[in-house]
Amino acid sequence: MDELIFFINRVLISGTVLGSIYALGAIGVTLIFGILRFAHFAHGDMMTMGAFITFVLAGLVSMLGISVGIPTAILVMPLAMVVTALIALGIDKGFYAPLRKQGVKPVTLLVASIGVTLIIQGLIRLIFGAGTRSLYGNEPKVIFRIDTAWMGGSRPITITEPQVFMIAFTIILVLALHFFLTRSRLGKAMRAMADNADLAQISGINTAVVVRITWLIAGALACVAGTMLALDVALMPDLAFNIVLPIFAAAIVGGLGQVYGAIAGGFLIAFAETMSVFNWSTMLRPFKDIMPSWLAIPDNLALVPTEYKLTVAFVILVITLLARPTGIFKGAST
Amino acid sequence: MSFDAVIDVKDVTKRFGGLRAVNKCSLRVERGSITGLIGPNGAGKSTLFNMVAGNIVPDSGTIYFDGQDITGLPPYQLFAKGLLRTFQIAHEFSHMTALENLMMVPSDQPGEDLVNVWFRPDFVRKAEHHVRQKALDVIDFLKLGHVKNELAGNLSGGQKKLLELGRTMMVDAKVVLLDEVAAGVNKTLLQDLAANIERMNQELGYTFFVIEHDMDLIGRLCDPVIVMAQGEVIAQGPMEEIRANPEIIEAYFGSPVEAA
Amino acid sequence: MSTASESRWFDLDNPVKRGVILFAGIFILIFVVGLIQGGANAGLLLSQALAYALIALGLNIQWGYGGLFNFAIMGLMMVGGTAVMLVSVPVNQSFWAGEGPMLLGRAFLAFLVGLLLVLAARRVDRIGIRGGWRVAVIALAWFAGYVIYRSQIDPAAAYIEANNGFVGGLGLNPILGWLLGGVVAAVIAYIIGRICLGLRTDYLAIATIGISEILRALVKNMDWLTRGTQTVSPIPWPVPLPQDYQADGVPIVESFIYARFGFFALLLVIFAAIFWLVQRAYGGPWGRMMRAIRDNHVAAGSMGKNVTGRQLELFVLGSILIGMGGAILVTFNQIFDPSSYQPINHTFVVWVMVIVGGAGNNWGALLGAMLIYIVWIISDPLAQVIFVNISNWSQSMGWGAIPEIDSRALQMRVFILGVIITIALRYAPKGLLPEVMRRES
Amino acid sequence: MALIELKSLVGGYGGVPILNGVNIAIEQSDIGVIVGPNGAGKSTTLKAIFGLLKVTSGAVVFDGADITNAQPDKLVPRGLSFVPQEKNVFTSMSVEENLEMGAFTRADDYMPTLKWVYDMFPPLLEKRHQKAGELSGGQRQMVAMGRALMSKPRLLMLDEPSAGLSPRYVIEIFEQIVKINKSGVGILMVEQNARQALAFASKGFVLAGGQNRFTGTGAELIADPEVAKSFLGG
Amino acid sequence: DDVKLGFLADVTGPIAGFAGGMVSAGNLAVDQVNAQGGILGGQKLVSITADGACSADTAGPAADRLVNTEKVTAIFGDYCTGSTIAAANTAAIPGNVVMISPSASAPTVTTVKDNDLLFRTVVSDAFQGAKAAQLLLSQGVKEVGVTYVNNDYGKGLADQFVKSFTEGGGKVAANVAHEDGKADYRPEIGQIEATGVQTLVIYGYENAGGGAILNQAVEAGSFKLFVGGDGMAGDALLKSRDAASLEGMILTQSSAASGEVYDIYAKLATDAGLVPDTTYGPQSYDAAFLLALAIEKNGTADREGVSKALRDVANAPGEVIHPGEWQKAVELIKAGTDINYEGASGPIEFDEAGDVAGGIDYFVIEGGKIVNKGQIQ
Ligand SMILES: Nc1ncnc2c1ncn2[C@@H]1O[C@H](COP(=O)(O)OP(=O)(O)OP(=O)(O)O)[C@@H](O)[C@H]1O
Ligand SMILES: Nc1ncnc2c1ncn2[C@@H]1O[C@H](COP(=O)(O)OP(=O)(O)OP(=O)(O)O)[C@@H](O)[C@H]1O
Ligand SMILES: [Mg+2]
Ligand SMILES: [Mg+2]
């Protein structure tokens, strides 16, 4: 039984948490790609920025001595989302809108977003320094240890409070975004613009407004993703920049512009990473006694060494793309 | 009727999802003819062209070109065998000038090989001069002289179609597939184009296979005319016969329009 | 068009004048940097900038000519670096004297066996195994091949790492290594191209990023071949080092200048030759064909161009330059350090160079590489000047200094680079030297 | 008063002007047809009315108000509607969503209009949940027109609505246009099927080189031997 | 007028997280020199900072700027091994400039052909790994799992630890690399967990992957004992963590000359508003202070002779100088007395190759505090 619990802890929960992290980032990436048709490289740093804004607000709130049942960071997150969304809007106004007006190629916007990445990174380091902080401040991080005696286990199933929040938020956001895009008038206008911007304009849709709303949503999403990530790991200036490649991989392998694709892609990459270095020898241990003696189970029976963890994820990515050239959910392409 | 078929399509099928766009279709195009292909929208005409020209691979069936099985060969190999096509929706090279659009067409240009470019500049230059002269002639013929330096992407809808047609005049092809070149082209200019197609057919021996909704043009140029509907060939013969067929009138021509 | 603008000498709409003006600007920039930083430093900047220009030229061939989203630049540079390291560092006698070669030979045989298995599995349709079963057999063959190869390479690697450090080099001329770097990168690019070139735009980009990461993981962790994180140095130079001049009695400052400009001169000759070839190809029918394929590959295919073949040609050609550039940088820095390769510093920055410079224009790639590289290097002192002053100012205003100003000011160099990139794109969205349209008179 | 009037319109895409003084006037009851050689500036004229390119001199007057260089999203609520020559449907959206997009600027209930459009183009009702990208050429053209009609326009502008359609659909589309016009919508369209279109046009304009060459009723233009020879293919 | 000391620091790039603290520690030394009467008869010691970005491509030009443009007398830095060697080869060695790295701990640095110009105040990984293995074995730990950051530091340390531990009769059930900057290390931890070991040895950085692994391992709750190297040691370790969950954790770090030398430094640093125990902070302070001493000893701002002077002031015999005792040192040098600096990071005796030997202290977390248990014998 303990082996199964171990599997749950190390593969199911771990993979789900990592998958949620990737998916949370990827829905923002996929939204911007779906509507504005470019790979917004700075999304990772918008996530980091969102986390730092939450950090500042949480600091203010705890200075006021307010404390409720949930972590302060989550309490202040709605406000942080608004702030991040407004900054995202400003970034678009300042950097991308002038380029779009000139009708540049998507790759030029991508390169501009690399510039924006560097600017955000510099500013965060200037203001907050390069060190690591904790969004948990003075509060303890609640760890749920679910006793498994009832199913004959001796070890608990472990999951932390931010992880529960993260999984919940991922599901809520993906569903909300999907329904917003397919059901609401504005959401449809956004899809129309993604499909054919000229025709959308001819139909009387104010495309400038649509772009603005896209950035507001993307900024808010980035803030949630960054805050969740910082709650689970720690808050540092290169928080999301380090995982921006797997996030993009998730968005792309899921199919660019496809909200459900972000989840599929995120989980595919995450589970590929997790399972490839999972030590399968544990799972075989119950069969130790019935195995022939010449077939001793080695201590470590992982598919690849951990150095190659991301490599496996990328191999899966390449294979998936070869089988489905525009991602699992048939994404858009420029 | 001679039995010298330059294109011979046998039992070709292509499905898109549940839809059989082309369904067990068989037809032949005689060498030296101008064969018309008509049929309602969505009949599968362009899909058939795409398969003959190698742009899509049929699900089943065989296509022969000049007696050879060419099923599934990529377009560039078919081009080398002398098969050239135009696209219904103009496929111009939008970031190149109109002139360059024509100059890139000939495939045996020595300048397309790096060794020649680097080490035999004179050879390349001579060939280039030749190609340019030809392209200029074609462009003048199409009355596009004033936009020859314009990016093809900036041309008007009809001008793009003309460019599409102009490509066919850049090379000596055995067979040319024309997919609705007339749509969007001014009728006066179309008269000249039709005359030119006839001339190429008679003087140079080109075979044309033409999809067209302009019945005047089909009537003027084509014999025989093949009628497709729902992925299948439903009739074949000279235009007068087709025009007289009541079923085709019902399905395809409709009743004449009344003035407002 | 108007005559008024033609008469202005600073007419930025005229491509030639624009190029001359911008290059004059770059030369002034280099000159000023040289004045402030000294000749030795300028020689170093120029050499590295030119190596990056070679890489940018490679990417320009792939993206500017062919519209191929290659984001595997880092991986190809690492491959080039590995090649020059293996060619030029001295022979490791202990490796050749020991069991290592034999073990590696066995691993190579195992690799061949694995390869044969996979190739054979791909042909099982001949014996009537098709569809899902065939895929299963192929997957099984891959797995078996992997296990067989690992079973041989793991002990070989362990043995070499334990007894010899790594396999060592061949002790040959570094220039040979640069060539080999190009060749190996070409081979890898050929394989990548065969696998991935069917993918479009962003999908191709992420696939190549993935492959780049795979290459990085391999080079970084194959300690028996590359020493991995333990680094290899010094990598010999093809021209005399400052120390060599000093041994002949040249004073230190001059010795730096001689050595650096010696290297730069060699590089310049190579670069000029390559640039000429590339430029010439692009100007002719070959370039026209490539632009046509970039524009509309469906139409180009129907016009008789072998699209996949030509794209592969571009991909390989560009990768040769990227591999060579990577090799040259390793030689110049005299160290091969797999850990110091980062996607942002090696892949994305080259994209920035090409896009800011002007995709599809070789002069633009050269200009962009020079500009971005020099900005990156002088952003170090520049950021300090700016932000230390800001800090002092804010201190004098009574708002307190920026804490840890020394390091934070330096961290702002990425900010400065970011600002330069966005400003450049803002005012020259098609690049500083945009692709020139060829028009007949 | 004319529903729409172009007064000596000059404009282009930057660089040399394409339109060199175009004059057009249409009443609400009119079907106006623009014909002319390729590259004459016909499409450019429609785009200029709809604010899709820069007009440098001259004016566009709609219903007495100057709308020169106004943005499209301001024009749709005023009662203008435009079907471009190509790319005129949202391919990844369903037929009904395409039509809804046409009613985007309307605050009132558009269900009656939707019903009206479905009545006019019965095939669309059948395919209402199918993606527009999966339709045949003729059905796409119907979607495009339906989308334009959803805003309840007073002026409908069409760029080569019959191009690529089989003769039967050409007839059908023209019949619909006449019907729409009869329901009180002014029509301004560009056609290369010029004879057929001029046959029911109340006003015809021949454009060449960005300028008016001939203006008259449809019948007059067909009858004019010079127009017929130079522009209508003899 | 001014004596220039180059600071070649990797403040951007992968180790940006703690490079800032190292620069600050170095500047503390410079400030003390200036506060206590300056260098070479009252001149001001100034630090010129340049960014190596932990990358060979960037470190070369940065070092070159210090050597050829700023014309510094000596260089404190670089931090990463690769960039240190690149900087040395490109500029410092041909420019005859002494470099002291506070953190390039890979064995390779020993073998660079450096004309006796390249030094380091960090103990070679080989040494610390061996000592940690001895300690654990002597405490009866027989089976461990190891995870190391996949760079020169982590791998060097882990390799040596595994070697010594196995030779001493212990068993390393799993030896797993991790990359810095990932969001999730549970699979790595899981691989070790799966072997059932109760002791986890982490060779990584507290404020990067190592710290994240520690957190996630604590959350997992399947290890009884944690062990860390100097990259994990430091006050920051307990700052954002629940000390109770780390009770008993063992940390190794090169020892101060005697117990209180580190405390001297810690007080100086705290007074200056710095966190004393940032990663490689003490080593950085020592490197900068030693360079200042060497220049003073050399008697001129020229580069020639700094290398020899450095050995003189660092190595025994001589009157012992502690962190902060600049004025005392200057007077002794003026008097012609031989001095011997014993620093915050250890006694610092440079050997032939410019490496320090030094002892290794170990620390245990007891009752929510990090307690120094003295040198590992
Ligand atoms: N890529 C595709 N995916 C799905 N369906 C397709 C695709 N291409 C064509 N079809 C469908 O196949 C059928 C035949 O299309 P095709 O383009 O061959 O018609 P056509 O005879 O050329 O019509 P037209 O005269 O309008 O050009 C149509 O119903 C069309 O919707
Ligand atoms: N985006 C553009 N940029 C520059 N020039 C353009 C652009 N679009 C069209 N033109 C030019 O404007 C002229 C008129 O184009 P327009 O599309 O109005 O022609 P048209 O009368 O509609 O022709 P057709 O019947 O072929 O559609 C053409 O010469 C064309 O080259
Ligand atoms: Mg068709
Ligand atoms: Mg038009």
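Residues numbered from 1 in each chain as written. Chains lettered and ligands numbered in written order. Predicted model: local features only at pLDDT ≥ 70, side-chain atom pairs only at ≥ 80, totals over all residues. Heavy atoms only, no water.

- In the annotation of an unreviewed UniProt entry, chain C is listed under the name Branched-chain amino acid ABC transporter permease and assigned to Paradevosia shaoguanensis.
- Per UniProt, the comment on chain C under Subcellular location (unreviewed entry) is "Cell membrane". (UniProt positions renumbered as here; feature names shortened; annotations may be inferred.)

- Chain A is annotated in an unreviewed UniProt entry as Branched-chain amino acid ABC transporter permease of Paradevosia shaoguanensis.
- UniProt, in its Sequence similarities (unreviewed entry) section for chain A, records the words "Belongs to the binding-protein-dependent transport system permease family. LivHM subfamily."

## Let's talk about the overall build of chain C
Alright, step 1. Secondary structure summary: chain C contains 19 helices and zero strands in total.
Alright, step 2. Relative to the compact-globule value of 22 Å for 441 residues, chain C shows a C-alpha radius of gyration of 25 Å, a close match.
Alright, step 3. Seen along its three principal axes, the alpha-carbon backbone of chain C occupies a region of about 75 × 60 × 50 Å.
Alright, step 4. Counting only residues that meet the buried cut, chain C has 59% of its 441 residues in that class.
Alright, step 5. Partitioning the contacts of chain C with sequence separation of at least 6, the portion at a separation of at least 24 is 81%. (Helix = DSSP H or I, 4+ residues; strand = E, 2+ residues; numbered from the N terminus. Rg over C-alpha atoms; globule rule 2.2 N^0.38 Å. Buried < 20%, exposed > 50% of the residue type's maximum accessible area, 1.4 Å probe, protein only. Contact = heavy atoms within 4.5 Å.)

## What to know about the coordination of the magnesium ion (ligand 3)
All names here are of chain B.
Alright, step 1. Coordination of the magnesium ion (ligand 3) by the protein comes from Ser 46 (OG) and Gln 88 (OE1), over a distance range of 1.9 to 2.1 Å. One end of the pair, Ser 46, is in helix α1 (residues 45-52); the other, Gln 88, is in the loop between β6 (83-85) and α3 (98-103), with 42 residues separating them in the sequence.
Alright, step 2. According to the relative accessible area criterion, Ser 46 is partly exposed, its value standing at 21%.
Alright, step 3. With a relative accessible area of 29%, Gln 88 lands in the partly exposed category. (Donors = N, O, S within 2.8 Å, 3.2 Å for Na, K, Ca; no water.)

## Overview of the site of ligand 2
Alright, step 1. The environment of ligand 2 is made up of 18 residues, and the closest members are Ser 156 and Gly 158 of chain B together with Lys 42, Ser 43 and Thr 44 of chain D.
Alright, step 2. Each of chains B and D places residues next to ligand 2.
Alright, step 3. At a separation of 2.8 Å, an oxygen atom of ligand 2 approaches a polar backbone atom of Gly 39 of chain D.
Alright, step 4. Taking Gln 192 of chain D, its side chain carries an N or O atom lying 3.0 Å from an oxygen atom of ligand 2.
Alright, step 5. Taking 640 Å² as the accessible area of ligand 2 by itself, protein coverage stands at 88%.
Alright, step 6. Among the secondary structure elements, those contributing two or more residues to the shell around ligand 2 are α6 (157-168) of chain B together with α1 (42-49) of chain D.
Alright, step 7. In terms of residue class, the shell around ligand 2 is made up of four nonpolar, twelve polar and two charged. (Near = heavy atom within 4 Å. Polar contact = N/O pair within 3.5 Å; in protein donor to acceptor, adjacent residues only side chain to side chain. Areas by Shrake-Rupley, 256 points an atom, 1.4 Å probe, with all protein chains shown as cover. Nonpolar A, V, L, I, M, F, W, Y, C, P; charged D, E, K, R; others polar.)

## Some details on the packing of aromatic side chains
Alright, step 1. Counted according to the given criterion, the structure contains 58 aromatic pairs over all chains.
Alright, step 2. Centroid distance Tyr 96 of chain A to Trp 215 of chain A: 5.4 Å. Interplanar angle 20 degrees. Geometry classified as stacked. One end of the pair, Tyr 96 of chain A, is in helix α3 (residues 72-101); the other, Trp 215 of chain A, is in helix α8 (residues 207-232), and 119 residues separate them in sequence. One exposure class covers both Tyr 96 of chain A and Trp 215 of chain A, and it is buried.
Alright, step 3. Ring plane angle 85 degrees and centroid distance 5.7 Å describe the contact between Phe 23 of chain C and Trp 363 of chain C, whose orientation is recorded as edge-to-face. Taken together, the residues span a long stretch of sequence, with Phe 23 of chain C in helix α2 (residues 15-37) and Trp 363 of chain C in helix α17 (residues 362-396) at a distance of 340 residues.
Alright, step 4. Under the relative-accessibility criterion, Trp 363 of chain C is labelled partly exposed at 41%. (Phe/Tyr/Trp six-rings, centres within 6.5 Å; stacked < 30°, edge-to-face > 60°.)

## Describing helix α7 (residues 167-182) of chain D
All names here are of chain D.
Alright, step 1. The first and last C-alpha atoms of α7 sit 23 Å apart over 16 residues, in line with the 22 Å expected at 1.5 Å per residue.
Alright, step 2. For α7, the complete set of buried residues consists of Pro 167, Tyr 169, Val 170, Ile 171, Ile 173, Phe 174, Gln 176, Ile 177, Val 178, Ile 180 and Asn 181.
Alright, step 3. Looking one or two residues past α7, Gly 184 carries a phi angle of roughly 105 degrees, positive in sign. (Expected span 1.5 Å × (residues − 1).)

## Let's talk about the sheet that holds strand β9 (residues 225-229) of chain B
Residues and elements named next belong to chain B.
Alright, step 1. Read from one edge to the other, the open sheet built from six strands follows the order β6-β7-β8-β3-β9-β10, with strand pairing classed as mixed. Looking at strand neighbours, the two that pair on one side only are β6 and β10 (232-237), the edges of this open sheet. Here the strands of the sheet are splayed against their neighbours by 20 degrees on average, with no regard to which way each runs.
Alright, step 2. Bridging between strand β3 (residues 34-38) and β9 involves three bridges; their strand directions are parallel. Counted as the bridge partner of Ile 38 is Val 227 from β9.
Alright, step 3. Relative to strand β8 (residues 207-211), helix α7 (residues 187-203) is tilted by about 145 degrees, and along the sheet it contacts β3, β7 (175-179) and β8. (Pairing = 2+ DSSP bridges. Axes fitted to C-alpha atoms, helices over the stretch in contact; angles between N-to-C directions.)

## Brief notes about a nonpolar patch on the surface
Alright, step 1. A cluster of nonpolar side chains, contributed by Leu 322 of chain A together with Leu 180, Val 183, Val 187, Tyr 190, Ile 191 and Ile 195 of chain C, occupies part of the molecular surface with about 580 Å² of accessible area.
Alright, step 2. In terms of residue count, helix α8 (residues 174-196) of chain C provides more of the nonpolar patch than any other element does, six residues in total.
Alright, step 3. If you trace the backbone, Leu 180 of chain C turns up in helix α8.
Alright, step 4. On the basis of relative accessible area, Leu 180 of chain C is assigned to the partly exposed category, the value being 34%. (Patch = residues over 30% accessible without salt bridge, like charges linked within 9 Å, V, L, I, M, F, W, Y side chains within 5 Å. Salt bridge = Lys/Arg side-chain N within 4 Å of Asp/Glu carboxyl O.)

## So, the interface of chain E and chain A
It is common to give the size of an interface as the accessible area lost on bringing the parts into contact.
Alright, step 1. Contacts between chain E and chain A engage 31 residues on the former and 36 residues on the latter.
Alright, step 2. Summing the contributions of chain E and of chain A, the shared interface buries around 2,700 Å²; its carbon and sulfur component is 50%.
Alright, step 3. Counting across the chain E and chain A interface gives three salt bridges.
Alright, step 4. Salt-bridge contacts for Lys 309 of chain A lead to Glu 188 of chain E; the nearest nitrogen and oxygen are separated by 3.0 Å.
Alright, step 5. Between chain E and chain A we count nine residue pairs in polar contact (both at pLDDT 80 or more) in total.
Alright, step 6. Put simply, the parts of the chain that give the side of chain E that touches chain A at least two residues each are α1 (16-35), β7 (171-178), α7 (186-193) and α8 (209-220) of chain E.
Alright, step 7. Ranked by the residues each element gives to the side of chain E that touches chain A, the list is headed by α7 of chain E, at seven residues. (Buried area = accessible area lost by both parts, 1.4 Å probe.)

## Quick look at the packing of helix α4 (residues 73-88) of chain C against helix α16 (residues 343-357) of chain C
Residue and element names in this part refer to chain C.
Alright, step 1. Contact pair α4 / α16: the axes reach a minimum separation of 8 Å and the direction vectors enclose 115 degrees. With respect to α16, the element α4 is oriented roughly perpendicular. Handedness of the crossing formed by α4 with α16: right-handed. Residues Ile 73, Met 74 and Met 77 of α4 touch α16, and the partners they reach there are Pro 343, His 346, Thr 347, Val 350 and Trp 351.
Alright, step 2. For the contact of α4 with α16, the class distribution of residues is six nonpolar, two polar and no charged. (Parallel < 35°, antiparallel > 145°, perpendicular 65-115°, else oblique. Left-handed = near helix turned anticlockwise from the far one by under 90°.)

## A short note on the UniProt feature "transmembrane region" (unreviewed entry) in chain A
Residues and elements named next belong to chain A.
Alright, step 1. Mapped onto the present numbering, the UniProt feature "transmembrane region" (unreviewed entry) falls on residues 12-36, 48-68, 74-95, 107-128, 164-181, 209-231 and 243-271.
Alright, step 2. A helix fraction of 76% and a strand fraction of 0% characterise residues 48-68, whose end C-alpha atoms lie 25 Å from each other.
Alright, step 3. With 100% helix and 0% strand, the stretch residues 107-128 has end C-alpha atoms that lie 31 Å from each other.

## What about the site of ligand 1?
Alright, step 1. Contacts to ligand 1 come from 14 residues, most closely from Asn 41, Lys 45, Ser 46, Thr 47 and Gln 88 of chain B.
Alright, step 2. With respect to ligand 1, the chains having nearby residues are chains B and D.
Alright, step 3. His 213 of chain B has a polar side-chain atom sitting 2.9 Å from an oxygen atom of ligand 1.
Alright, step 4. When the free accessible area of ligand 1 is taken as 640 Å², the share hidden by the protein chains comes to 71%.
Alright, step 5. Of all the secondary structure elements, the ones that give two or more residues to the shell around ligand 1 are β2 (19-30) and α1 of chain B.
Alright, step 6. A total of three residues in the shell around ligand 1 trace back to one element, the largest contributor, which is α1 of chain B.

## Points about the coordination of the magnesium ion (ligand 4)
Six octahedral donors around a metal ideally subtend angles of 90 or 180 degrees, whereas four tetrahedral donors ideally subtend 109.5 degrees.
Residue and element names in this part refer to chain D.
Alright, step 1. Here the magnesium ion (ligand 4) is held by Ser 43 (OG) and Gln 85 (OE1), and the distances to it run 1.9 to 2.6 Å. Of this pair, Ser 43 sits in helix α1 while Gln 85 sits in the loop between β6 (80-83) and α3 (95-102), and the two are 42 residues apart along the sequence.
Alright, step 2. We classify Ser 43 as buried; its relative accessible area is 18%.
Alright, step 3. On the basis of relative accessibility, which here comes to 22%, the residue Gln 85 falls in the partly exposed class.

## Brief notes about the interface of chain C and chain A
Alright, step 1. At the junction of the two partners, chain C supplies 46 residues and chain A supplies 54 residues.
Alright, step 2. In total, about 4,100 Å² of surface goes out of reach between chain C and chain A, with carbon and sulfur atoms giving 77% of it.
Alright, step 3. The largest share of the area that chain C buries against chain A comes from Asp 202, Tyr 203 and Ile 206 of chain C, three residues that together contribute 17% of it.
Alright, step 4. Counting across the chain C and chain A interface gives zero salt bridges.
Alright, step 5. Across the contact surface, chain C and chain A share two residue pairs in polar contact (both at pLDDT 80 or more).

## Quick look at empty space enclosed by the protein
Alright, step 1. Enumeration according to the criterion identifies 14 cavities of 30 Å³ or more in this entry.
Alright, step 2. What lines the second largest cavity is a set of 13 residues, and nearest its centre among them are Ala 39, Leu 110 and Phe 248 of chain A together with Ala 205 and Ile 209 of chain C.
Alright, step 3. For the lining of the second largest cavity, the secondary-structure elements that each account for two or more residues are α9 (244-254) of chain A together with α9 (201-221) of chain C.
Alright, step 4. Of the residues forming the lining of the second largest cavity, the biggest block, four residues, is contributed by α9 of chain C.
Alright, step 5. Its residues assigned to classes, the lining of the second largest cavity comprises twelve nonpolar, no polar and one charged. (1 Å grid on protein atoms, 1.4 Å probe; cavity = no way out; pocket = protein on both sides within 12 Å on 5 of 7 lines; lining within 4 Å. Points joined across faces, edges and corners; volume = space filled by probe spheres on them.)

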